[in-house]
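Structure at a glance
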Amino acid sequence: MMHSDNWALKAKQLGYRSRAVFKLEEILKKTRTKRYKNVLDLGASPGAWSQFIVKKNSNANVYALDILDMEPIEGVSFFKKNIEQINNIPQILKLKGDFNLVISDIAPNLSGIKSVDNENIFDLNKLTVNIALNFLCKGGTLIMKTFQNSFLKTLRKDMELSFKIVQTYKPVASKKQSGEIYLYGVK
Ligand SMILES: C[S@@+](CC[C@H](N)C(=O)[O-])C[C@H]1O[C@@H](n2cnc3c(N)ncnc32)[C@H](O)[C@@H]1O
């Protein structure tokens, strides 16, 4: 198993802005998710996932959102917005129902109070699932970060009501102690 610093080094050597790229790479590979044209990247900054998508598929149109700034990436349209504001972005709205892939690596700011943090994560995840259902085409894919907490089962069950396939992934590049885990769904 590679040490986390080595993932960071490998990312740097390959020109990626964050080690998070290897998590997306593994999930896309394991789920054989290949064909995507319109991609929505939620919580995109600093931008490694967006970089990966345009590198692997130069025809992809990536629309990326974050509350923080993001350095420009060719082929990526960036909006400095909270995902709650997605319906106020006309460029994205006009593609409603035409996205093949929605990826979310959102991690909310933690308060340190577990119950509050877990609820915040759950709310953001529910919003993300809703966005995916509204913006994905039929057969489109959602990959979303969440955390192993008391809401995980409920979240997965909720997704199973509206997605044809739902799976859970813990990529090798994800730190064990982080508690993060990724939900994958096909609409
Ligand atoms: C782990 S980072 C994403 C890393 C990214 N996948 C990459 O490869 O570079 C999580 C991001 O989610 C963003 N975020 C948190 N809450 C958000 C919200 N409500 N709307 C948009 N972005 C949000 C944070 O600002 C942060 O940049």
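Residues numbered from 1 in each chain as written. Predicted model: local features only at pLDDT ≥ 70, side-chain atom pairs only at ≥ 80, totals over all residues. Heavy atoms only, no water.

1. Points about the site of the ligand
Of all residues adjacent to the ligand, which total 20 residues, the nearest are Gly-47, Ala-48, Asp-66, Asn-82 and Asp-105. A distance of 2.9 Å separates an oxygen atom of the ligand from a polar backbone atom of Gly-47. A distance of 2.7 Å is found between an oxygen atom of the ligand and a side-chain nitrogen or oxygen belonging to Asp-66. Coverage of the ligand by the protein amounts to 87% of the 610 Å² it exposes when considered alone. Partitioned by chemical class, the residues of the shell around the ligand number 11 nonpolar, five polar and four charged. (Near = heavy atom within 4 Å. Polar contact = N/O pair within 3.5 Å; in protein donor to acceptor, adjacent residues only side chain to side chain. Areas by Shrake-Rupley, 256 points an atom, 1.4 Å probe, with all protein chains shown as cover. Nonpolar A, V, L, I, M, F, W, Y, C, P; charged D, E, K, R; others polar.)

2. Remarks on the nonpolar core
Membership of the largest hydrophobic core comes to 31 residues, with the highest contact counts inside it found for Leu-24, Leu-28, Ile-53, Leu-101, Ile-103 and Ile-143. When residues of this core are traced back to their parent elements, those giving at least two are α1 (4-13), α2 (21-30), α3 (48-56), β2 (61-65), β4 (99-104) and β7 (180-186). Residues Ile-92, Leu-142, Met-159 and Val-166 belong to the second largest nonpolar core, which totals 29 residues. (Core = buried A, V, L, I, M, F, W, Y, C linked by side-chain atoms within 4.5 Å. Buried < 20%, exposed > 50% of the residue type's maximum accessible area, 1.4 Å probe, protein only. Helix = DSSP H or I, 4+ residues; strand = E, 2+ residues; numbered from the N terminus.)

3. Overview of the pairing of strand β1 (residues 38-42)
Summarising burial for β1: five of the five residues are buried, a large majority. Residues Asn-38, Leu-40 and Leu-42 point to one face of β1 and Val-39 and Asp-41 to the other, with burial holding for every one of them. Direction of pairing for β1 relative to β2: parallel, over a ladder of five bridges. Paired with Asp-41 across the bridge in β2 is Ala-64. (Pairing = 2+ DSSP bridges.)

4. A short note on the sheet that holds strand β3 (residues 76-79)
Spatially, β3-β2-β1-β4-β5-β7-β6 is the arrangement adopted by the seven strands of the open sheet, whose pairing is mixed. The open sheet has two free edges, formed respectively by β3 and β6 (165-169), since each of these has just one partner strand. In this sheet, adjacent strand axes meet at a mean angle of 15° when their direction is disregarded. Relative to strand β5 (residues 136-147), β4 runs parallel, the two being bridged by five bridges. Note on β5: the bridge partner recorded for Ile-103 is Ile-143. Across the sheet, helix α5 (residues 114-135) lies against β1, β4 and β5, angled at about 170° from β5, the strand it touches most. Against the sheet, helix α6 (residues 152-162) makes contact with β5, β6 and β7, and its axis sits at roughly 10° relative to β7, the strand it touches most. (Axes fitted to C-alpha atoms, helices over the stretch in contact; angles between N-to-C directions. Contact = heavy atoms within 4.5 Å.)

5. Some points on the environment of Met-144
Position of Met-144 among the secondary structure elements: in strand β5. On the basis of relative accessibility, which here comes to 0%, the residue Met-144 falls in the buried class. The spatial distance from the C-alpha of Met-144 to the C-alpha of Ile-106 is 7.9 Å, given a sequence separation of 38 residues. Excluding residues that lie within four positions of it along the chain, Met-144 makes contacts with Ser-104, Asn-125, Thr-128, Val-129, Leu-155, Met-159, Ile-181, Tyr-182 and Leu-183.

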